[in-house]
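Summary of structural features
If you want the building blocks of each chain, they are given just below.
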Amino acid sequence: MKKLIAIVEDEPDIIELVTIHLSKSGFTVKGFLNGKSFYKFLEKKMPDLVVLDLMLPDIDGLDICKTIRRKDEWSSIPIIVLTAKSEETDKILGLELGADDYVTKPFAPKELVARVKAVLRRHAPMKEAKKIEIGDALVIDLGKYEVNVDGKRIDLTATEFRILELLATKKGWVFSRDKILDFLWGEEKAVIDRTVDVHIRHLREKLGKAAFLIKNIRGVGYKLEE
Ligand code: CA
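As the structure is a computational prediction, the values presented were derived from the model and not from experiment.

Conventions adopted
Residues numbered from 1 in each chain as written. Predicted model: local features only at pLDDT ≥ 70, side-chain atom pairs only at ≥ 80, totals over all residues. Heavy atoms only, no water. Buried < 20%, exposed > 50% of the residue type's maximum accessible area, 1.4 Å probe, protein only. Helix = DSSP H or I, 4+ residues; strand = E, 2+ residues; numbered from the N terminus. Pairing = 2+ DSSP bridges. Axes fitted to C-alpha atoms, helices over the stretch in contact; angles between N-to-C directions.

1. Concerning the pairing of strand β3 (residues 49–53)
Counting buried residues along β3, five of its five residues qualify, which places the element largely inside the surrounding structure. Residues L49, V51 and D53 point to one face of β3 and V50 and L52 to the other, with burial holding for every one of them. In this sheet, β3 lies alongside strand β1 (residues 4–8) in parallel orientation, the contact comprising four bridges. Counterpart to I5 in the pairing with β3 is L49. Relative to strand β4 (residues 79–83), β3 runs parallel, the two being bridged by four bridges. For V51, the partnering residue across the bridge sits in β4 and is I80.

2. Topic: the sheet that holds strand β6 (residues 131–134)
Strand pairing within a sheet occurs via backbone hydrogen bonds; the two strands may be parallel or antiparallel. An order of β6-β7-β8-β9 is seen for the four strands of this open sheet, with the pairing classed as antiparallel. At either end of the open sheet lies a strand with only one pairing partner, and these are β6 and β9 (152–154). When the angles between neighbouring strand axes are averaged without regard to direction, this sheet yields 25°. In this structure, strand β8 (residues 146–149) lies alongside β9, joined through three bridges in antiparallel fashion. Pairing of V147 across the sheet is with I154, part of β9.

Laid out in structure tokens, this is it:
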């Protein structure tokens, strides 16, 4: 079945361009010119990914980002933020609020398509369902894409899950920020080192009492260890 990509963007030309390119790559695309119509749609249907412009006429894109992440049914939807500003702060803010990636305007449609594919790939379920237990509190179910701390389910974004997965499958190994970015993005890697730190910080916050398992090796990177 074709994956459904929602694009929320008040410039019809951009919606059209993105729709053409994503459709060519085998996606179904639905465009929304404002936040309200997108929310209305979300109540009925879950897209596989959202491309979200930050500057919308009615609702701030960052607020939409926050709302999606806060609501249980929606929280796992991957989000790629479109930002007109090239300032790093804006991108970081998008990631802070739970976006999986960002693309700066003006962008080449090809780049966006590559990002969409990369984020969806990260989100795809693993072939081999496997559970990893770390310490006595943390359980990562790679098949179900679930993380539990003390039996309580933790909601992670696709990116946070992938980072945890990487660290967990090679317990005790130190991964540099660069390695982590490679794992997340492969050839499409164009993000900055600090991105990893932001995701790790979120991951730690969400892991609560199991947060200590993620260790920062100063000047090198991160590892997961009891
Ligand atoms: Ca806009």
